[in-house]
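Residues per chain, in single letters:
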Amino acid sequence: QVQVVESGGGLVQPGGSLRLSCVASGTIFNIDAMRWYCQAPGKQRELVANITRDGNTNYADSVKGRFTISRDNAKNTVYLQMNSLKFEDTAVYYCNADIINLRYRRQYPYWGQGTQVTVSS
């Protein structure tokens, strides 16, 4: 079975920083793209950042220049460095990874459980 496990969420003041981590484990053959999404109460889930296996990145306009997505393929891990945090960044952040599962030999998008980020003074 494949799992993704997140950590790093919490309460932070405006202008502060957090680093989210997500580790994939289990019957993994390969991991392609990895992503971070956010979802605020009553709102749609939105893409925050995407990173390919080779390290090419894309960001939502609202986080460009503030957030950085990165990955460590040897550790099956994706990170989201969040700087200059704003009130509107408050949301549950979800990890997503396109993983080839050895059990099924097919690529499938796996989701983490989500981690709460709260920006408040």
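Please read all numbers here as calculations on a predicted model, not as lab measurements.

**Student:** Requested: an account of the side chain of E6, with residues and values cited.
**Tutor:** Locating E6 in the fold gives a position in strand 1 (residues 3-7). Although E6 is buried, it makes no salt bridge; R45 carries the closest opposite charge, 8.5 Å away. Here the side chain of E6 touches C95 through a polar contact of 2.4 Å, landing on its backbone nitrogen. Here G114 takes part through its backbone nitrogen, which lies 2.5 Å from a polar atom of the side chain of E6. Residues within four places of E6 in sequence aside, it is in contact with S21, C22, W36, Y93, Y94, C95, G112, Q113, G114 and T115.

**Student:** Which residues make up the state of the cysteines, and what values go with them?
**Tutor:** Counted according to the given criterion, the structure contains 1 disulfide. The disulfide bridge from C22 ends at C95, spanning 2.3 Å between sulfur atoms. Measuring the twist about the S-S bond at about -90°, one finds the C22-C95 disulfide to be left-handed. Taken together, the residues span a long stretch of sequence, with C22 in strand 3 (residues 18-25) and C95 in strand 9 (residues 91-101) at a distance of 73 residues. Here C95 falls in the buried class, since its relative accessible area comes to 0%. With no disulfide partner, C38 has as its closest neighbouring cysteine sulfur the one in C95, 14 Å distant.

**Student:** Go over the pattern of salt bridges, please, and point to the residues and values.
**Tutor:** Going through the model one piece at a time under the given rule, you end up with 3 salt bridges. A salt bridge links R35 to D98, with the shortest nitrogen-to-oxygen separation between them at 2.8 Å. In this pair, R35 is assigned in strand 4 (residues 28-39) and D98 in strand 9, connecting sequence segments 63 residues apart. With a relative accessible area of 11%, D98 lands in the buried category.

Rules of the game
Residues numbered from 1 in each chain as written. Predicted model: local features only at pLDDT ≥ 70, side-chain atom pairs only at ≥ 80, totals over all residues. Heavy atoms only, no water. Helix = DSSP H or I, 4+ residues; strand = E, 2+ residues; numbered from the N terminus. Buried < 20%, exposed > 50% of the residue type's maximum accessible area, 1.4 Å probe, protein only. Lys, Arg positive; Asp, Glu negative; His and termini not counted. Salt bridge = Lys/Arg side-chain N within 4 Å of Asp/Glu carboxyl O. Polar contact = N/O pair within 3.5 Å; in protein donor to acceptor, adjacent residues only side chain to side chain. Contact = heavy atoms within 4.5 Å. Disulfide = S-S within 2.5 Å.

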